[in-house]
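# Summary of the model geometry
Each chain, letter by letter, is given below.
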Amino acid sequence: MLANAIFIIITTLAILALAVGVLFSVMVSRRSVSDWQTHLTQVTKQLKDGDHAEDEQPVIRPKRASLATVIDEESREGSAYLTAEEIPSLDQLRSRTTGTDD
């Protein structure tokens, strides 16, 4: 019985170590370690100083509406499927998206 508990504990620790290793490798592949240190230092400083990004966001107030009102205002007649004319072309899609690939 003790051997089973030890096996479960060791297996759990090995899986956690593997998960931490995968997360670390993904983080380092996105940014170098020195960039992460700089980023974390800046975030820690902002949190200590009280500069929260949420404070700069405008307050969004919800608007109450009934389901019937929303359906009347936002619905349109016809099929829910797009027609061939409504589907954007590949060039239109490319012009609407902003790629982050460098």
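These numbers were taken from a predicted model, which means no experiment stands behind them. (Residues numbered from 1 in each chain as written. Predicted model: local features only at pLDDT ≥ 70, side-chain atom pairs only at ≥ 80, totals over all residues. Heavy atoms only, no water.)

Looking only at helices and strands, the protein chain features five helices and zero strands. For the protein chain, the sequential pattern of α-helices and β-strands runs α-α-α-α-α. For the protein chain, buried positions account for 0% of its 102 residues. For the protein chain, the computed accessible surface area is about 10300 Å², with 60% contributed by carbon and sulfur atoms. (Helix = DSSP H or I, 4+ residues; strand = E, 2+ residues; numbered from the N terminus. Buried < 20%, exposed > 50% of the residue type's maximum accessible area, 1.4 Å probe, protein only. Areas by Shrake-Rupley, 256 points an atom, 1.4 Å probe, with all protein chains shown as cover.)

On to the packing of aromatic side chains, then. Going through the model one piece at a time under the given rule, you end up with zero aromatic pairs. Positioned over the ring face of W36 is R31, at 4.9 Å from the centre of the ring. (Phe/Tyr/Trp six-rings, centres within 6.5 Å; stacked < 30°, edge-to-face > 60°. Lys NZ or Arg CZ within 6 Å of the ring centre and 35° of its normal.)

The first and last C-alpha atoms of helix 1 (residues 2-30) sit 42 Å apart over 29 residues, in line with the 42 Å expected at 1.5 Å per residue. Burial analysis of helix 1 places just zero of its 29 residues in the buried class, which makes it a mostly uncovered element. (Expected span 1.5 Å × (residues − 1).)

Attention now goes to the confidence of the model for the protein chain. Here the protein chain averages 83 in pLDDT, and 88% of its residues register 70 or above. Per-residue pLDDT, averaged within each element of the protein chain, yields its smallest value for helix 3 (residues 53-56) (57) and its largest for helix 1 (93). (pLDDT = per-residue confidence, 0-100.)

Below, the discussion takes up a nonpolar patch on the surface. Among the surface-exposed residues, F24, M27, V28 and V33 lie close enough to one another that they form a single nonpolar patch of about 330 Å² accessible area. When residues of the nonpolar patch are assigned to their parent elements, the largest contribution, three residues, is made by helix 1. Owing to a relative accessible area of 35%, M27 belongs among the partly exposed residues under this scheme. (Patch = residues over 30% accessible without salt bridge, like charges linked within 9 Å, V, L, I, M, F, W, Y side chains within 5 Å. Salt bridge = Lys/Arg side-chain N within 4 Å of Asp/Glu carboxyl O.)

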